[in-house]
Amino acid sequence: MRPAMSLQLSYRLPVLLKDCATKRQLDQIHGLLLTSSSLHRLPGLRALLVRRATELADMAHADLLFSSFRGTDPPDAAVALYNAMIRGYAYHGPHHRALDLFAEMPRRGEGLAPDSFTYPYVVDACARLKMWRSADAVHCRVLKEGLDAVPAVGSSLLASYVARGSLRDARRVFDGFRVKSVGLSNRMVSEYAKARDVKSARELFDAMAERDAVSWNAMLTAYVKAADVVAAKELFARMPVKNIISWTTMLRALSDAGDFVGMRSLFNRMPERNLVSWNCILSSYTRHGRFRQALQLFPRMLLEGLTPDSFTVVSVLSACENLRKLRMGRWVHANLVTPALQVHAEVGTALIEMYAMCGDIARALVVFFKMDTKDVFSWNVMIRALAVHRQADDALRLFDIMGKQGFRPNHFTFMGVLLACRYGSLVDKGRRMFDMMQKDYGIPPSLQHYGCLIDLLSCNGHVDEAVAVLQGMPCRPDSEIWRALLGGCRIEAGLGSAEEAIVGVVPSSGDEMRVALT
């Protein structure tokens, strides 16, 4: 290769490496390095090649390159090579390999010592592995080498203490910075907001020499999380610049406070609205039972040319379900649930709930079996839907399939199964399921589980057993359990007065029952 061409390539190769999108392109550049003695000797190019391989998440190839280059570079280039590989392991795993390479560096030779670029990746690997003692040891080395004031190192240490839930230590790291950038200050305010420590967030916010839109939004979020809508309104009014995040955060504050008139007024005043804003107001309506308002507003979103995502569809289907708007739900399914949205388990589950609640259990089953991605919640919803529609045998068959496909049932699953037994009058099966829940899955029965079993037993002529279950409960029975037992006693005793019936069966329970039912 001619010297002039080699010189041109030495300038262009770093740019080409950053633009590499495939392993094949990376191999071509590697081949060029191997065939050009002048390029092969250029410091830093090999580290860039390894780094790009890790950025393509091809850790096996990166490790191969690293192994072939190791030990052939001068100290400065060798540190860059190690940093590239440690960074790759820290981000893509296996994370412990980042710590192995970090420990190996001083043993490899003179001058091969970690620098300010190494430590952020090592701290990140410790945090991902939750190796807090190792993180503390790294922090000590950082302090010893005087690198704690380097923004990237300090930021990684701060993130590490936040990850382990130690805001006090994170604040100590933050206070140690000679120069507190706006970005670091914003991070600290945001962490206080997550912890609902409004006082500390506001003290830090007020002490900031410079603030940007992120600063104001972080402080606004702190007030919203603390449910202090008055302070949120005051801060919002003072904000020098409001972006779409500010407006949407304020929408949430008003929604959480139950001020739906104020929320709608603010929404109408927004200078611009995006999909997040629309999802915020639609989900606010559905979360608070204002389904009609959600469906009335939804067409306006479509008219503004926005394409619904999974959050939009779930909110709208929830409104259709609760208002029994089957026709509208079918339209949403046919026109808005694209193949891209069908992969979301929450969309499929919302469709199942909508069809089941609107009476079309057959269509709910079709949606369920066509779902590519199911989670435990999807199975729970389908089992409960079949139970409510008095298809007890189908619900129990689905429960068996669920186990065979590797899904572990939870307390909601067993609530649906017991409900199916209740509606199908399957007493023996109900007993077995109640026992299975505790013995095989270690799930302690809740008040609702006991209530369902007592209802099943008392309504099928097993009042004495139902009373025994009630008396053995570790928690006090509620009004629903008493009503279930009352109904069974009335049937069995043939008495006109349910109260007389229950007192006749459980003489000491009269006063407790009356209190529960009042």
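These numbers were taken from a predicted model, which means no experiment stands behind them. (Residues numbered from 1 in each chain as written. Predicted model: local features only at pLDDT ≥ 70, side-chain atom pairs only at ≥ 80, totals over all residues. Heavy atoms only, no water.)

S.K.: Whenever I open this one, the packing of aromatic side chains confuses me. Can you help?
M.R.: By convention here, two paired aromatic rings are described through the distance between centres and the angle between planes. Applying the stated criterion across every chain, the model contains 14 aromatic pairs. Ring centres of Phe260 and Tyr285 lie 6.3 Å apart, and the angle between their planes is 25 degrees; this geometry places the pair in the stacked category. Residue Phe260 is found in helix H17 (residues 260–269), and its partner Tyr285 is found in helix H18 (residues 275–287); the two are separated by 25 residues along the sequence. Each member of the pair Phe260 and Tyr285 is classed as buried. (Phe/Tyr/Trp six-rings, centres within 6.5 Å; stacked < 30°, edge-to-face > 60°. Helix = DSSP H or I, 4+ residues; strand = E, 2+ residues; numbered from the N terminus. Buried < 20%, exposed > 50% of the residue type's maximum accessible area, 1.4 Å probe, protein only.)

S.K.: So what exactly am I meant to see when it comes to the environment of Ser215 here?
M.R.: Topologically, Ser215 is positioned in helix H14 (residues 213–225). Residue Ser215 is classed as buried on the basis of its relative accessible area of 1%. As a C-alpha pair, Ser215 and Asn186 span 29 residues in sequence and 5.3 Å in three-dimensional space. The contacts of Ser215, once residues within four sequence positions are left out, are Val182, Asn186, Phe205 and Met208. Here the side chain of Ser215 touches Asp212 through a polar contact of 2.8 Å, side chain to side chain. (Contact = heavy atoms within 4.5 Å. Polar contact = N/O pair within 3.5 Å; in protein donor to acceptor, adjacent residues only side chain to side chain.)

S.K.: Please clarify how helix H24 (residues 361–370) should be interpreted in this entry.
M.R.: Helical geometry: 3.6 residues make up each α-helical turn, so side chains three or four residues apart lie on a common side. Those residues of H24 that sit buried are Ile361, Ala364, Val367 and Phe368. Viewed end-on, H24 has its buried residues packed into an arc of 115 degrees, placing them on one side of the element. Exposed residues lying more than 90 degrees from the buried face of H24 are Ala362, Phe369 and Lys370. (Arc of directions from axis to C-beta.)

S.K.: Sorry, what's going on with the environment of Arg187 here?
M.R.: When you line up the elements, Arg187 lands in helix H12 (residues 182–194). Taking C-alpha positions, Arg187 is 8.9 Å from Ala159, a pair spaced 28 residues apart along the chain. Residue contacts for Arg187: discarding those within four places in its chain leaves Leu158, Ala159 and Val162.

S.K.: Hey, could you run me through unusual backbone geometry in this one?
M.R.: Glycine aside, residues mostly have negative phi angles, and peptide bonds mostly take the trans form. Going from Gly93 to Pro94, the amide bond is cis rather than trans, its omega being -5 degrees. Within the secondary structure layout, Pro94 lies in the loop between helix H6 (75–92) and helix H7 (95–108). Backbone geometry places Arg390, a non-glycine residue, at a positive phi of 65 degrees. Here Arg390 lies in the loop between helix H25 (376–388) and helix H26 (392–404). Here Arg390 falls in the exposed class, since its relative accessible area comes to 53%. Notably, Ser425 is not glycine yet its phi reads approximately 55 degrees, a positive angle.

S.K.: In this structure, what is going on with the pattern of salt bridges? I would like to understand it.
M.R.: Working definition: two side chains of opposite charge can pair if their charged atoms are close together. According to the stated counting rule, one finds 24 salt bridges in the structure shown. Here Arg164 makes a salt bridge to Asp136, at a shortest N to O gap of 3.1 Å. With Arg164 in the loop between helix H10 (151–163) and helix H11 (167–175) and Asp136 in helix H9 (residues 132–144), this residue pair connects regions lying 28 residues apart in the sequence. Assessed through its relative accessible area of 24%, Arg164 is described here as partly exposed. Residue Asp136 is classed as partly exposed on the basis of its relative accessible area of 30%. In this structure, Glu191 engages Arg187 in a salt bridge whose closest nitrogen and oxygen atoms are separated by 3.1 Å. Of this pair, Glu191 and Arg187 both sit in helix H12, four residues apart, which is roughly one turn of that helix. Residue Glu191 is classed as buried on the basis of its relative accessible area of 8%. Connected through salt bridges with shared partners, the residues Arg51, Arg52, Glu55 and Arg87 form a single ionic network. (Salt bridge = Lys/Arg side-chain N within 4 Å of Asp/Glu carboxyl O.)

S.K.: Looking at this structure, how should I read the side chain of Thr286?
M.R.: Within the fold, Thr286 resides in helix H18. A distance of 3.1 Å separates a polar side-chain atom of Thr286 from the backbone oxygen of Ser283.

S.K.: Quick question: what am I supposed to make of the packing of helix H13 (residues 198–207) against H14 here?
M.R.: Angle between the axes and distance between the axes are the two parameters that describe a pair of packed helices. Packing of H13 against H14 brings their axes to within 10 Å, and their N-to-C directions diverge by 160 degrees. In this view, H13 runs roughly antiparallel relative to H14, as classed from their interaxial angle. The two elements H13 and H14 meet at a crossing, and its hand is left-handed. Across the interface between the two elements, Val198, Ala201, Arg202 and Phe205 of H13 pack against Ser215, Trp216, Met219, Ala222 and Tyr223 of H14. (Axes fitted to C-alpha atoms, helices over the stretch in contact; angles between N-to-C directions. Parallel < 35°, antiparallel > 145°, perpendicular 65-115°, else oblique. Left-handed = near helix turned anticlockwise from the far one by under 90°.)

So far we have only geometry, and geometry alone does not tell us how the molecule works.
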